[in-house]
Amino acid sequence: MQSFYEATVSRPSVHAPFDGRRSVNVCIIGGGLAGLSTALGLAERGVTDVTVLEAQQVGFGASGRNGGFVFGGYSLDCADLLKTLGPVHARELYTLTTDAVDLMRQRIQRYPIDCDATDAGVILANWFDEPARLDAQRRLMRDGFGVDWEPVAASQLASQLKTDRYYGGLFERNAFHFHPLKYVLGVAAAAARAGVRIHEQSPVVRLQRDGAGFVVHTPHGVLDAQHVVMAGGGYARKVYAKVERAVLPIATYVMATEPLGARLSDALDTRAAVYDTRFAFDYYRPLPDTRILWGGRISVRDRAPDTIARLLRRDLLKVYPQLRDVRIEHAWGGLMSYARHKMPQIGRSVDGVWYAVGFGGHGMAPTTVSGELLAAAIAGERPVPDAFATFGLTPTFGALGLAAAQLTYTAMQTRDALAERRRPTRPAS
Ligand SMILES: Cc1cc2nc3c(=O)[nH]c(=O)nc-3n(C[C@H](O)[C@H](O)[C@H](O)COP(=O)(O)OP(=O)(O)OC[C@H]3O[C@@H](n4cnc5c(N)ncnc54)[C@H](O)[C@@H]3O)c2cc1C
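Residues numbered from 1 in each chain as written. Predicted model: local features only at pLDDT ≥ 70, side-chain atom pairs only at ≥ 80, totals over all residues. Heavy atoms only, no water.

Caption draft 1: Looking closely at the site of the ligand. Lining the immediate environment of the ligand, one finds 39 residues, of which E54, S63, F69, V204 and M364 sit closest. Residue A55 places a main-chain N or O atom 3.0 Å away from a nitrogen atom belonging to the ligand. Protein chains shield 97% of the accessible area of the ligand, which is 1000 Å² for the free molecule. Elements supplying a minimum of two residues to the shell around the ligand: α2 (33-44), β12 (248-257), β16 (328-338) and α9 (364-378). (Near = heavy atom within 4 Å. Polar contact = N/O pair within 3.5 Å; in protein donor to acceptor, adjacent residues only side chain to side chain. Areas by Shrake-Rupley, 256 points an atom, 1.4 Å probe, with all protein chains shown as cover. Helix = DSSP H or I, 4+ residues; strand = E, 2+ residues; numbered from the N terminus.)

Caption draft 2: Examining the nonpolar core more closely. One finds L81, F178 and Y183 to be the most contacted residues of the largest nonpolar core, which totals 82 residues. The element that contributes the greatest number of residues to this core is helix α3 (residues 78-110), accounting for 10 residues. Apart from residues no more than four positions distant in its own chain, Y183 is found in contact with L33, M104, R107, I108, I113, C115 and F178. Ranked by size, the runner-up nonpolar core spans 34 residues in total, among them L157, A267, Y320 and L335. (Core = buried A, V, L, I, M, F, W, Y, C linked by side-chain atoms within 4.5 Å. Buried < 20%, exposed > 50% of the residue type's maximum accessible area, 1.4 Å probe, protein only. Contact = heavy atoms within 4.5 Å.)

Caption draft 3: Geometry of α3. For α3, built from 33 residues, the straight-helix expectation of 48 Å at 1.5 Å per residue is missed by more than 12%, its first-to-last C-alpha distance being only 31 Å. Of all the bends in α3, the greatest, near 125 degrees, is centred on G86, and the proline P87 appears no more than four residues after it. N-cap assignment for α3: the residue whose side-chain oxygen lies 3.2 Å from the backbone N of A79 is D77. (Expected span 1.5 Å × (residues − 1). Bend = angle between axes of the 7 residues up to and from the residue.)

Caption draft 4: How the structure looks around the packing of aromatic side chains. A complete count under the given rule lists 17 aromatic pairs for this structure. With a centroid separation of 5.7 Å and 80 degrees between ring planes, the pair formed by F71 and Y275 is classed as edge-to-face. A residue pair is termed long-range when its members are at least 10 positions apart, and F71 in the loop between β3 (69-70) and α3 and Y275 in strand β13 (residues 273-276) qualify at 204 residues. Here F71 and Y275 have matching classes, each one buried. An aromatic cluster is present here, built from F69, F71, Y275, F281 and Y283 joined pairwise through their rings. (Phe/Tyr/Trp six-rings, centres within 6.5 Å; stacked < 30°, edge-to-face > 60°.)

Caption draft 5: Just the environment of G186, in detail. Relative to the helices and strands, G186 is located in helix α6 (residues 180-193). Along the primary structure G186 and R107 are separated by 79 residues, whereas in three dimensions their C-alpha atoms are 9.2 Å apart.

Caption draft 6: Spatial organisation of the sheet that holds β16. One open sheet accounts for eight strands, arranged β5-β6-β4-β13-β14-β15-β12-β16; its pairing is mixed. Each of the sheet's edge strands pairs with one partner strand only, and the pair in question is β5 (150-152) and β16. Averaged over all adjacent pairs, the angle separating strand axes in this sheet is 25 degrees, with direction ignored. The pairing of strand β14 (residues 283-286) with strand β15 (residues 292-299) spans four bridges and is antiparallel. In the sheet register, P286 faces β15, and the bridge partner there is I292. (Pairing = 2+ DSSP bridges. Axes fitted to C-alpha atoms, helices over the stretch in contact; angles between N-to-C directions.)

Caption draft 7: Here's a closer look at the pairing of strand β17 (residues 345-348). Note: β17 against strand β18 (residues 354-357), four bridges, orientation antiparallel. Each bridged residue has a counterpart across the sheet, and for Q345 the counterpart in β18 is V357. Connecting the antiparallel pair β17 and β18 is a turn made up of five residues, with G352 showing a positive phi of about 95 degrees.

Caption draft 8: Local environment of the pairing of β13. Every second residue of β13 is oriented toward a common face, with A273 and Y275 on one face and V274 and D276 on the other, all of them buried. Examined bridge by bridge, strand β4 (residues 122-125) and β13 share four bridges and lie parallel to one another. Note on β13: the bridge partner recorded for L124 is Y275. As defined by bridge partners, β13 adjoins β14 across two bridges and the pair is classed as antiparallel.

Caption draft 9: Spatial organisation of the packing of α2 against α3. The geometry of α2 relative to α3 is characterised by a closest axis approach of 14 Å and an angle of 70 degrees between their N-to-C directions. In terms of their interaxial angle, α2 and α3 are classed as roughly perpendicular. Considering how the two elements wind past one another, α2 and α3 form a crossing that is left-handed. Together, L33, S37, L40, G41 and E44 of α2 and M104, R107 and R110 of α3 make up the contact between the two elements. Considered class by class, the residues forming the contact of α2 with α3 number three nonpolar, two polar and three charged. (Parallel < 35°, antiparallel > 145°, perpendicular 65-115°, else oblique. Left-handed = near helix turned anticlockwise from the far one by under 90°. Nonpolar A, V, L, I, M, F, W, Y, C, P; charged D, E, K, R; others polar.)

Caption draft 10: Broad picture of α6. For α6, with 14 residues, the first-to-last C-alpha span of 20 Å sits near the 20 Å given by 1.5 Å per residue. Extensive coverage of α6 is indicated by the burial of 10 of its 14 residues. If you check which residues of α6 are buried, you get P180, L181, Y183, V184, L185, G186, V187, A188, A190 and A191. Those residues of α6 that are buried are in contact with α1 (4-7), α2, α3, β8 (197-199), β14 and α9. Just past α6, the residue G195 takes up positive phi, approximately 110 degrees.

Caption draft 11: View of the packing of α2 against α6. With their axes 9 Å apart at the nearest point, α2 and α6 run at an angle of 30 degrees to one another. Classed by the angle they form, the pair α2 and α6 counts as roughly parallel. Crossing angle aside, the handedness with which α2 passes α6 is left-handed. Across from L33, L36, S37, A39 and L40 in α2, the residues of α6 making contact are Y183, V184, V187, A188, A190 and A191. Residues belonging to the contact of α2 with α6 are distributed by class as follows: 10 nonpolar, one polar and no charged.

Caption draft 12: A look at the environment of R310. When you line up the elements, R310 lands in helix α8 (residues 305-319). For R310, a relative accessible area of 48% gives the class partly exposed. Along the sequence, R310 and F69 sit 241 residues apart, while their C-alpha atoms lie 23 Å from each other.

Structural data, given as structure tokens:
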């Protein structure tokens with residue numbers, strides 16, 4: 001079962017592997033959205049001589065496999081962001097992500113990138129019969145971050161989502177969803193047209209400091225670079241320990257149903273994307289060809305597509321039992337990179353290596369933020385905002401860290417299940 005995204009793109013250009021020896025200004029390691037947004041940001045600022053090295057193919061990692069939600073915020077939730085940074089800096093970092101949502105819309109228009117963008121907002125649906133949860137979230141977003149998430153009454157939500165699972169919701173209007181792999185390929189194409197050199201099948205196997213610059217080794221070539229940007233997400237291994245030790249690779253899963261035709265509106269009568277208020281939430285959205293794309297769960301284990309399809313189908317049927325006979329045509333997983341503090345790590349190490357990692361499960365707008373920040377810093381426009389220094393390259397303790405992450409996830413799932421049990425049984429309709 002191939003990913004729906006890979007099955008529905010034609011890769012217009014193959015970027016040749018890197019070989020030989022070349023000197024460059026900037027070498028970017030990783031052709032995901034963090035690396036490519038930096039490349040495009042540099043090109044847009046007139047910085048020349050930029051090379052991207054990608055171990056596999058552009059968009060091979062999380063950026064080409066994700067749920068396709070584009071919205072404000074980070075993996076660290078807004079309440080914790082506020083607690084950690086205080087009102088001024090929390091708002092500063094949050095606003096960068098809503099600006100990034102706008103920038104992504106502009107790039108889709110400007111370049112132009114045909115990526116099935118559906119500008120219909122995102123609904124946060126309340127899994128729990130506790131209106132206070134939504135009220136608190138709404139207040140937090142309005143008072144702390146200056147954005148209005150509009151309340152959706154339970155009856156109104158039930159007319160859009162044909163399920164009795166939810167107790168009302170909040171609507172984030174400034175959000176959209178799209179085919180992330182088409183978008184990533186579009187950003188790569190725009191960067192390449194602007195002069196960025198991209199090489200696929202070119203894993204960086206060694207990175208060495210050399211005077212004021214770096215020597216970057218691939219299996220068949222050597223690059224001398226003044227600047228190096230580490231943007232290998234949850235996939236980089238044995239390239240630059242300082243960054244790799246600071247992130248945990250965590251898997252998460254997605255599937256797509258068969259096209260549902262008119263039956264789609266028996267479940268979803270909205271173009272918005274949806275997620276819910278649990279820690280281990282479901283997220284899903286209608287696709288233009290009437291499929292439902294459904295995602296959820298995290299694990300430290302990679303799972304086979306059949307297992308992923310079975311697990312996620314179970315989650316789908318808990319919410320939409322009317323889809324019992326629907327076929328699952330695609331199922332796949334991807335690796336996210338998580339920092340212990342759950343915020344992206346964006347900055348420059350003591351060795352002089354720029355880095356943009358740790359975007360977790362909320363990375364479309366934040367990788368665009370990191371691209372803008374690193375491009376502006378490398379171009380000498382402005383430094384990376386100080387507030388990101390709070391979220392440094394803290395060690396994750398490898399296997400121990402992974403075990404702790406899995407335990408936390410299970411504990412939070414249990415907490416949600418207990419809270420759910422408290423809800424009254426609905427009368428049969
Ligand atoms: C299943 C899933 C669903 C998600 N859903 C959403 C969502 O709906 N909305 C949202 O905002 N976020 C979502 N995310 C998170 C988001 O996709 C990521 O945070 C984001 O894509 C991270 O981008 P990146 O560029 O840092 O990493 P990646 O996209 O993983 O890119 C890293 C790249 O580096 C390459 N690489 C690694 N090592 C080397 C090396 N040695 N040499 C050269 N190249 C190397 C890899 O091959 C890879 O292509 C989801 C993630 C997953 C996995």
